[in-house]
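Take a look at the letters that make up each chain.
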Amino acid sequence: MVTVADVMTPDPVTVMPDDSLRVARDRMAEGNFRRLPVVQAGRLVGIISDRDLCRAVNSPFVLRERWYDDLILDQVKVWGVMTANPITVDAGAPLVVAARLMRDHKIGGLPVVAEHPQGEEQLVGIITETDLLQYLIELLEDGEDSS
């Protein structure tokens, strides 16, 4: 059985709730990510996506100057636009569980958690639609090789 841990990206890049939107945007750009888990004191508290950032900065109803966008990026904090208490998946869960959660909730990625020895959940990875597609490609290529 293939598990989430077999396909996920381990140790994802994260942001903290009090980081500015600019920090989140820059980390997404540097790693070419579309979402980042939000952690505080080692605990997952949310997730922020590129769509969240776009909604915060780019209103189709307001025309404004560039300095205003810079002000929003520097002053608004991640906690103001993140999704709190995101849907997660356990690292040991079958891969199909993550795929169904993403499909059913129409989301492109899930933080992956594992139970810490003290009983708390700890962020250990992230699984995205890109990870699932990469796994599917590998399966299909392996199938072609055996024919």
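Here the structure is a predicted model, which is why all the values come from computation and not from measurement.

A. Structural view of the packing of helix α5 (residues 95–105) against helix α6 (residues 129–145). α6 packs onto α5 with a crossing angle of 130° between their chain directions and a minimal axis gap of 11 Å. Judged by the inter-axis angle, α5 sits oblique to α6. Read as a crossing pair, α5 and α6 show a hand that is left-handed. Packed against α5, whose contacting residues are Leu-95, Ala-99 and Met-102, the element α6 presents Glu-129, Leu-132 and Tyr-135 at the interface. Across the contact of α5 with α6, the residue classes break down as 5 nonpolar, no polar and 1 charged.

B. Examining the environment of Lys-106 more closely. Looking at where Lys-106 falls in the secondary structure, it is placed in the loop between α5 and β6 (109–115). Among the residues examined, Lys-106 registers a relative accessible area of 76% and is labelled exposed. The spatial distance from the C-alpha of Lys-106 to the C-alpha of Asp-90 is 18 Å, given a sequence separation of 16 residues.

C. Main features of unusual backbone geometry. Phi at Ala-41 is positive, roughly 55°, even though this residue is not glycine. Within the element layout of this structure, Ala-41 appears in the loop between β2 (35–40) and β3 (43–49). One non-glycine residue, Lys-106, lies in the positive phi region at around 50°.

Rules and cut-offs
- Residues numbered from 1 in each chain as written.
- Predicted model: local features only at pLDDT ≥ 70, side-chain atom pairs only at ≥ 80, totals over all residues.
- Heavy atoms only, no water.
- Axes fitted to C-alpha atoms, helices over the stretch in contact; angles between N-to-C directions.
- Helix = DSSP H or I, 4+ residues; strand = E, 2+ residues; numbered from the N terminus.
- Parallel < 35°, antiparallel > 145°, perpendicular 65-115°, else oblique.
- Left-handed = near helix turned anticlockwise from the far one by under 90°.
- Contact = heavy atoms within 4.5 Å.
- Nonpolar A, V, L, I, M, F, W, Y, C, P; charged D, E, K, R; others polar.
- Buried < 20%, exposed > 50% of the residue type's maximum accessible area, 1.4 Å probe, protein only.

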